[in-house]
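# Close look at the chain arrangement
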Amino acid sequence: MIASYLASAALSVLAYSTLASAEPVQYCPIEDICYQVAVPSSSASSDSGNIYLQLRAPTSYSWVAFGTGSAMADSNIFVMYQDGAGNVTISARAGKGHTMPRYNSMAQLELLDGSGLTNNGGTMMANVRCGNCGSWAGGSMSLASTGTDWIAAWKEGGAAVDSTDPNAAIQYHTAHDQWTFDLTQGTVPSDANPYVGVRQFDNNNRGVGRGSFADPRTLILGHGIIMAIVMVFMYPLGSALMPLFGKWVLHASWQFLAFLLMWAGFGLGIVASQRIRLDFNSTHTILGTVVVCLMVVQPVLGWVHHSYFVKHQKRGIVSHAHIWYGRALLIMGVVNGGLGLQLADASRSFFIAYIAIAAIIFAIYIASAVFGEVRRSRQVRQEKNF
């Protein structure tokens, strides 16, 4: 009897301490944009009732949103934007695919204490109670699930919405993301606002399963740096190695490394364009894809040219094709880099630096090509004199 009582007491203490230490799960797809979900233990046990949401983002964003579901179509979306009077508007919307979601009056949302503009007006925050978010017109989710699907999107820059209308028009998103929450890790003991008097402004992910965990701005920066190094620096200097040193192994090894880096940079660009829904809607992405795909032919031409030269000890048609085909792709690649800077809205100083470095490398390449032709002409004359 005593043992049974002690065991029951121990379990009660354990359960209480677990719930008391529980906190909302959180996912921050990029720095300073974070989404939280908390499920009261009563809602988790009954698989119905209230859940609590928080959306937090800098006021430099026109709007931010997240919602339940694995895709925009049939999702239950919650959009936050400034109301123009020092507070925020939270708008429940029904996802209909890649069109602007419309206001969903069936969702039972309530904006709670702690919402508004905080951090000296630099952050907008919405603490929200949802009374029926376990099911919606497009689907449902278990409030005690270890793997619920969530999506998010946000619009960086642009004019603030500044409206109290839950059906206000919003601009197309800058980027989006998808992940899963383990709601059992976000179970809280009380059916009350869990966001008052607790820590804020941390960017730590909690209770997150599958997610991208990659800021699209970081992906874009990495893509730009790698492709600039490849197109402006490595490919031109690799081309200059042949006339300067006459060592085809050095030339081929350098260019092969550049070729591999090019595909790595291209891969980052593909992922970034998918995250921000750019796809093939710009000259930069279209031309970049064309250049990278056409570059596959260049190593083949190089090998055929080398085989021809070893056999005949002179250049042939394939040799000139290899040289001029490569030069054309280099020019296209450098131009496309400028288009990328324009697409990224880079500052004027970046443009100037890019053009200056490209011009210097181009001058080195031209000088090496001239040097190579002069040396080759001398060798031909010397062979004739023998």
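In this report, we go over the structure that sits alongside the text.

Thresholds applied
Residues numbered from 1 in each chain as written. Predicted model: local features only at pLDDT ≥ 70, side-chain atom pairs only at ≥ 80, totals over all residues. Heavy atoms only, no water. Helix = DSSP H or I, 4+ residues; strand = E, 2+ residues; numbered from the N terminus. Buried < 20%, exposed > 50% of the residue type's maximum accessible area, 1.4 Å probe, protein only. Contact = heavy atoms within 4.5 Å. Areas by Shrake-Rupley, 256 points an atom, 1.4 Å probe, with all protein chains shown as cover. Salt bridge = Lys/Arg side-chain N within 4 Å of Asp/Glu carboxyl O. Core = buried A, V, L, I, M, F, W, Y, C linked by side-chain atoms within 4.5 Å.

Below, the discussion takes up the overall build of the chain. Helix and strand content of the chain: eight helices and 16 strands. By the burial criterion, 41% of the 386 residues in the chain qualify as buried. For the chain, contacts bridging at least 24 residues in sequence account for 68% of all contacts bridging at least 6. For the chain, the exposed area adds up to about 20000 Å²; of that, 63% sits on carbon and sulfur atoms.

Applying the stated criterion across every chain, the model contains two salt bridges. Of the charged contacts, one joins arginine 206 and glutamate 23 as a salt bridge, the two residues approaching to 3.5 Å between their closest N and O atoms. Separated by 183 residues along the polypeptide, arginine 206 in the loop between strand E15 (187–188) and strand E16 (208–211) and glutamate 23 in the loop between helix H1 (2–20) and strand E1 (25–30) bring together distant segments of the chain. You can call arginine 206 buried: its relative accessible area is 13%. According to the relative accessible area criterion, glutamate 23 is partly exposed, its value standing at 30%. Here arginine 129 makes a salt bridge to glutamate 110, at a shortest N to O gap of 2.3 Å. Of this pair, arginine 129 sits in strand E10 (residues 123–130) while glutamate 110 is found in strand E8 (residues 109–111), placing the two residues 19 residues apart along the sequence.

Once that is clear, we can look at the nonpolar core. Counting 34 residues, the largest nonpolar core has Tyr35, Val37, Val64, Phe66, Met80 and Trp154 as its most contacted members. Not counting the four nearest positions on each side in its chain, valine 37 is found in contact with Pro24, Val25, Tyr52, Leu53, Phe66, Trp150, Phe181, Leu183, Gly186 and Tyr195. Phe259, Met262, Met295 and Leu330 belong to the second-largest nonpolar core, a separate cluster that totals 14 residues.

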